[in-house]
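Coordinate analysis (summary)
The residues making up each chain are set out below.
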Amino acid sequence: MRYGIRRLAICSALAAGALALAPTAEAVAPTTATISFDCGVYGSGSATLTATQDGTSATINLSTSAITAPISVGANSVNSTLTLTNNGAGSVTFTGSSNPAIPAGSPVSTGPLKGTVASGDSLEAKSLKVVVLGITATCNATSAQSPGPFVF
């Protein structure tokens, strides 16, 4: 019995040590938010932002009704820069040129847009620059991000 208790204590200590050394999963919250954009002559509308995090790397996928494709746009041909304020001051940019094929007249979807974050960053979208077929549309946020900023 004495050996059984000692063996149990050793196994418990090893398991606790393994858990302490296991990498922690970092998660952004909320994972999805909406915001409204005004894109000037290109239109206005809402956008849905979906964020994920892996350590200090983060991605945001964006779909917006503020900009529609005038003609069919091929996959991976939209260049996007999403600028977010960090804790109300300073800014962080997420960039990418990945998108699904977009049929003519359909809303623009782009992402993943990649960026770097730090623990405690609180990011809220402020502007979006989208380059489609050589035409640049700059959109500015007209509402607060809902349900709130992405907290990493």
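Residues numbered from 1 in each chain as written. Predicted model: local features only at pLDDT ≥ 70, side-chain atom pairs only at ≥ 80, totals over all residues. Heavy atoms only, no water.

Right, let's get into the overall build of the protein chain. Within the protein chain one finds one helix and nine strands. Taken over 152 residues, the protein chain has a buried fraction of 34%. When contacts within the protein chain are restricted to residue pairs at least 6 apart in sequence, those whose partners lie at least 24 apart make up 62%. Entry remark: accessible area of the protein chain is about 8,200 Å², with carbon and sulfur atoms responsible for 59%. (Helix = DSSP H or I, 4+ residues; strand = E, 2+ residues; numbered from the N terminus. Buried < 20%, exposed > 50% of the residue type's maximum accessible area, 1.4 Å probe, protein only. Contact = heavy atoms within 4.5 Å. Areas by Shrake-Rupley, 256 points an atom, 1.4 Å probe, with all protein chains shown as cover.)

This paragraph deals with the confidence of the model for the protein chain. In the predicted model, the protein chain carries a mean pLDDT of 86, and the fraction of residues at 70 or more is 83%. Ranking the helices and strands of the protein chain by mean pLDDT puts strand β9 (residues 150-151) first, with 98, and helix α1 (residues 2-21) last, with 42. Confidence drops under pLDDT 50 across residues 1-25; counting only partners more than four residues distant or on other chains, this segment forms zero contacts. (pLDDT = per-residue confidence, 0-100.)

Right, let's get into a nonpolar patch on the surface. On the surface, Val41, Tyr42 and Ile135 cluster together to form a nonpolar patch covering roughly 330 Å² of accessible area. Checked against the element boundaries, Val41 lands in the loop between β1 (32-38) and β2 (44-54). (Patch = residues over 30% accessible without salt bridge, like charges linked within 9 Å, V, L, I, M, F, W, Y side chains within 5 Å. Salt bridge = Lys/Arg side-chain N within 4 Å of Asp/Glu carboxyl O.)

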